[in-house]
Amino acid sequence: MPGPGTRAANTAVTRSTLRQQLADALRDEVLAGRLLPGQEFTVKQIAEQYGVSATPVREALVDLTAQGLLDSDQHRGFSVHRFSASDYRAMVESRSLVIDGVIRHAEREGRTRVSAVALVSVRRRAEEAARTARCGDLDIHIGYDLRFWYELGSLVSNAYICGFLHQLRVRTWVFAVPHLRADPDRRQWLWSGHEELIDVVNLGDLTAARNVIRAYNDQAFAWADRLER
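Keep in mind that this is a model prediction, so the values were computed, not measured.

1. Some thoughts on the sheet that holds strand S3 (residues 77-80)
Hydrogen bonds along the backbone pair up the strands of a sheet, which may run parallel or antiparallel.
Turning to step 1, where the next piece is worked out: Strand order in this open sheet of three strands is S1-S3-S2, and the pairing throughout is antiparallel. Bordering the open sheet on either side are strand S1 (40-41) and strand S2 (70-73), each of which pairs with just one other strand.
Turning to step 2, where the next piece is worked out: In terms of strand pairing, S1 meets S3 through two bridges, oriented antiparallel. Residue Phe 41 lies in a different strand from S3, and its bridge partner there is Phe 78.

Below, the structure written as structure tokens:
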């Protein structure tokens, strides 16, 4: 027989799940370019759009604000954060420094190999991310790219570093999406070295991995230079 606190607990779990679902859905809206940088909206508008109550919507929007994806104004509601090219450069530099630290730590600890079995799922993500990059299929590519890096990061670093890098990558995509959608040459700027990176990780060649990631970051900086020109 359910205890006296079961109903309250189930309600809290349901609301927490809905809060996360809403946050994920709104993040996808931003990444898909359907919510644009600077675009304003209220809790009421989002609640009506999704047919839910205001409370989980407000909680989801607060979560996304804490992640740096939204800005909050007491009187005007929420808006999608507008990242600058300078922000983008700083985020790319930050992830570069963190990843270099992860590689150096692995070298010091003698952890240069990742199990081939553990890499099977990540390799599938790599193949799809590379394929969609070469096709210029931005909508599908973003999801595969984010999952690739998150799964790979989960294998080689701790959860805190992995989460931090994931949030950085989401933010860089938020900045990049509107520009890439307007660029007919976007295929040349979508990085497609995922499979090459998996190959060298599988071999335990961290020097080669560092070089692949350096090329990845150099391409991002070159793209930012092109935007500013």
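2. Points about the layout of surface pockets
Turning to step 1, where the next piece is worked out: What the largest pocket holds in volume is close to 390 Å³.
Turning to step 2, where the next piece is worked out: Lining of the largest pocket is provided by 24 residues; of these, Val 102, Ile 103, Leu 152, Val 156 and Val 201 occupy positions nearest its centre.
Turning to step 3, where the next piece is worked out: Breaking the lining of the largest pocket down by element, the ones donating at least two residues are helix H4 (85-109), helix H6 (138-156), helix H7 (159-181), helix H8 (194-203) and helix H9 (206-228).
Turning to step 4, where the next piece is worked out: Here the lining of the largest pocket takes six residues from H6, the largest share from any one element.
Turning to step 5, where the next piece is worked out: For the lining of the largest pocket, the class distribution of residues is 17 nonpolar, four polar and three charged.
Turning to step 6, where the next piece is worked out: The computed volume of the second largest pocket comes to approximately 290 Å³.
Turning to step 7, where the next piece is worked out: Around the second largest pocket, the lining comprises 14 residues; the ones closest to its centre are Asp 28, Leu 31, Ile 142, Gly 143 and Leu 146.
Turning to step 8, where the next piece is worked out: Every element with two or more residues in the lining of the second largest pocket is listed here: helix H1 (6-31), H6 and H7.
Turning to step 9, where the next piece is worked out: The dominant element in the lining of the second largest pocket, judged by the number of residues it contributes, is H6, at six residues.
Turning to step 10, where the next piece is worked out: Considering only residue class, the lining of the second largest pocket consists of five nonpolar, two polar and seven charged.

3. Notes on the confidence of the model for the chain
Turning to step 1, where the next piece is worked out: When pLDDT is averaged along the chain, the result is 90, and 93% of the positions lie at 70 or above.
Turning to step 2, where the next piece is worked out: Looking across the chain, the model is least confident in H1, with a mean pLDDT of 74, and most confident in helix H5 (residues 119-135), with 96.

4. A closer look at empty space enclosed by the protein
Turning to step 1, where the next piece is worked out: Scanning the model with the defined rule gives one cavity of 30 Å³ or more in all.
Turning to step 2, where the next piece is worked out: Those elements that provide at least two residues to the lining of the largest cavity are H4, H6, H7 and H9.
Turning to step 3, where the next piece is worked out: Per-element tally for the lining of the largest cavity: the top contributor is H7, with five residues.

5. Here we look at the nonpolar core
The nonpolar side chains of a soluble globular protein tend to be buried, and buried together.
Turning to step 1, where the next piece is worked out: Residues Trp 173 and Leu 197 are the most contacted members of the largest nonpolar core, which totals 62 residues.
Turning to step 2, where the next piece is worked out: With sequence-adjacent residues up to four places away left out, Trp 173 is seen in contact with Leu 31, Leu 138, His 141, Ile 142, Asp 145, Leu 146, Leu 180 and Leu 190.

6. Digging into the packing of aromatic side chains
Turning to step 1, where the next piece is worked out: In the structure shown here, the tally under the stated rule is seven aromatic pairs.
Turning to step 2, where the next piece is worked out: Arranged with centres 4.9 Å apart and planes meeting at 20°, the rings of Trp 149 and Tyr 216 form a pair that is stacked. In this pair, Trp 149 sits in helix H6 while Tyr 216 sits in helix H9, placing the two residues 67 residues apart along the sequence.
Turning to step 3, where the next piece is worked out: With a centroid separation of 6.0 Å and an interplanar angle of 75°, the aromatic rings of Phe 175 and Trp 223 are classed as edge-to-face.

Rules of the game
Residues numbered from 1 in each chain as written. Predicted model: local features only at pLDDT ≥ 70, side-chain atom pairs only at ≥ 80, totals over all residues. Heavy atoms only, no water. Pairing = 2+ DSSP bridges. Helix = DSSP H or I, 4+ residues; strand = E, 2+ residues; numbered from the N terminus. 1 Å grid on protein atoms, 1.4 Å probe; cavity = no way out; pocket = protein on both sides within 12 Å on 5 of 7 lines; lining within 4 Å. Points joined across faces, edges and corners; volume = space filled by probe spheres on them. Nonpolar A, V, L, I, M, F, W, Y, C, P; charged D, E, K, R; others polar. pLDDT = per-residue confidence, 0-100. Core = buried A, V, L, I, M, F, W, Y, C linked by side-chain atoms within 4.5 Å. Buried < 20%, exposed > 50% of the residue type's maximum accessible area, 1.4 Å probe, protein only. Contact = heavy atoms within 4.5 Å. Phe/Tyr/Trp six-rings, centres within 6.5 Å; stacked < 30°, edge-to-face > 60°.

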